[in-house]
Structures are given as C-alpha cells and as structure tokens.
Amino acid sequence: MMMWALAILFLVMWSPSGCAQKKSFPSDPHAMETKSPLNLSEEEWRRKLSPEQFHILREKGTERPFTGKFYLHKEKGVYCCAGCGQELFTHEMKFHSPCGWPSFDREIPGDRILKKPDYSFGMVRTEILCARCGGHLGHIFNDGPTETGLRYCVNSLSLDFKKED
Ligand code: FE
C-alpha cells in the first residue's frame, strides 16, 4: 500500500505539466508582457476611463492640438496604451512635430498597433489602434522627418507613461 502511495506521489511530482510555469527570458524586455486581447463592455470602459479618455479611445475622438500632456514631454521611459497598459513606444521613438500631438517614428516591435483605413471627414487616412484593447490611438502618416519616414500621430489621452528608473 505504501509503495502505491509513493508511486502516485512520484508521478504527481514528476508530471511535466509543471513546465508550463517556466518562463523564458527573451532579449526583448517588452516581450514579457501579456498579449491576450482585452474585451470590455462599453459600461466597463466608462468605469475604467475618464470621460475624456473614453471619448478618444472608444469613440475615436481627437484632443485639441498643442493641449496634450505628452506633446512637449521629454522624460525617458515607455509610453503605454491608456486603455490596457500595453507598451507601445519608447522615448527614443518620439520626435518633436509641429502638428501639435505627440509623434513617434516607429513602434515597439510585436504587432502591438493595428492600422486601418479611415475615410472620415472626407479624408483618406490610416487609423492606428491598440491591438490588445482596440483603443483608438490616432493616425499614422508617411511624412515623418526621420529615417523611417513614418509619423505616428497620437493623442496624449490615449497614452500613459512609465518613467525609466
Ligand atoms: Fe490597449
């Protein structure tokens, strides 16, 4: 009887399912983030976000130019989606743009940002959205001044900032 108990205990402890708990340590530190989609109801979003953030992120609004808290922001750190916290840009990707909104010339790799045609207001633009929560970030243009030629034009209200230690 004792032998059976020991054998069962051994099998349980040896079970390879424990491997699923092991984490790899990729060289890209941002790759550690969870990428599972975040689907909340409109009511849940209203509770989570300020009215201004809700309007921009969930109703595709646009904040007035030159008013956003990150337009002239120059601290070192990471810009995240204000809806779900996914890391989107670093300070190294930011550049000063006369357009009046925080601007970036590239995104953190990993398909974090969706691009979608936007024909609203009689214009042809490309909307950018957080791939994890679907939050509206702004638009992307191909008139950027750096080597990438890209300008991610983003609402400050769509972003949070994590200062570098
Ligand atoms: Fe998000």
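Attention in this report is confined to the structure presented alongside it. Keep in mind that what you see is a predicted model, and the values were worked out from it rather than measured. (Residues numbered from 1 in each chain as written. Predicted model: local features only at pLDDT ≥ 70, side-chain atom pairs only at ≥ 80, totals over all residues. Heavy atoms only, no water.)

Turning to helix H3 (residues 51-59), a few remarks are in order. Since the α-helix turns once every 3.6 residues, residues separated by three or four places project in the same direction. Of the positions making up H3, those classed as buried are Gln-53, Phe-54, Ile-56 and Leu-57. Tucked into the core, H3 has its buried residues touching helix H2 (42-48) and strand E7 (136-141). (Buried < 20%, exposed > 50% of the residue type's maximum accessible area, 1.4 Å probe, protein only. Helix = DSSP H or I, 4+ residues; strand = E, 2+ residues; numbered from the N terminus. Contact = heavy atoms within 4.5 Å.)

On the protein side, the iron ion has Cys-81 (SG), Cys-84 (SG), Cys-130 (SG) and Cys-133 (SG) as donor atoms, found 2.3 Å from it. In this structure, the iron ion is surrounded by 4 donor atoms whose angles at the metal cover 102 to 116 degrees, and the resulting shape is tetrahedral. Positions of the donor residues of the iron ion, expressed as sequence spacing, correspond to C-x2-C-x45-C-x2-C. Here Cys-84, found in the loop between strand E1 (77-81) and strand E2 (87-90), pairs with Cys-133, found in the loop between strand E6 (125-130) and E7; they are 49 residues apart in sequence, far enough to count as distant. Comparing Cys-84 with Cys-133, the two get one shared label, buried. (Donors = N, O, S within 2.8 Å, 3.2 Å for Na, K, Ca; no water. Tetrahedral: all angles 85-135°; square planar, octahedral: opposite > 155°, others 65-115°.)

The 6 strands are arranged E3-E4-E8-E7-E6-E5 in an open sheet whose pairing can be described as antiparallel. Whereas interior strands pair on both sides, the edge strands pair on one side only; in this sheet they are strand E3 (94-95) and strand E5 (113-118). Sheet topology note: the E7/strand E8 (residues 151-154) ladder contains 4 bridges and is antiparallel. Along E8, the bridge assignment pairs Ile-140 with Tyr-152. (Pairing = 2+ DSSP bridges.)

With that settled, consider the side chain of His-73. Mapping His-73 onto the fold places it in the loop between H3 and E1. Beyond its immediate stretch of four places on either side in the chain, His-73 contacts Tyr-79, Lys-94 and Phe-161.

Within a sheet, each strand pairs with its neighbour through backbone hydrogen bonds, oriented either parallel or antiparallel. Strand order in this open sheet of 3 strands is E2-E1-E9, and the pairing throughout is antiparallel. Edge strands, defined here as strands with exactly one partner in the open sheet, are E2 and strand E9 (159-163). Geometrically, the sheet is characterised by an average inter-axis angle of 30 degrees between neighbouring strands, direction not taken into account. Looking at chain direction, E1 and E2 are connected through 3 bridges and run antiparallel. Paired with Tyr-79 across the strands is Phe-89, a residue of E2. (Axes fitted to C-alpha atoms, helices over the stretch in contact; angles between N-to-C directions.)

Inspection of the secondary structure assignment puts Leu-150 in the loop between E7 and E8. On the basis of relative accessible area, Leu-150 is assigned to the partly exposed category, the value being 28%. Sequence separation of Leu-150 and Phe-104 is 46 residues, and the distance between their C-alpha atoms is 7.7 Å.

Take it as geometry only, folks, not as evidence of what the structure does.
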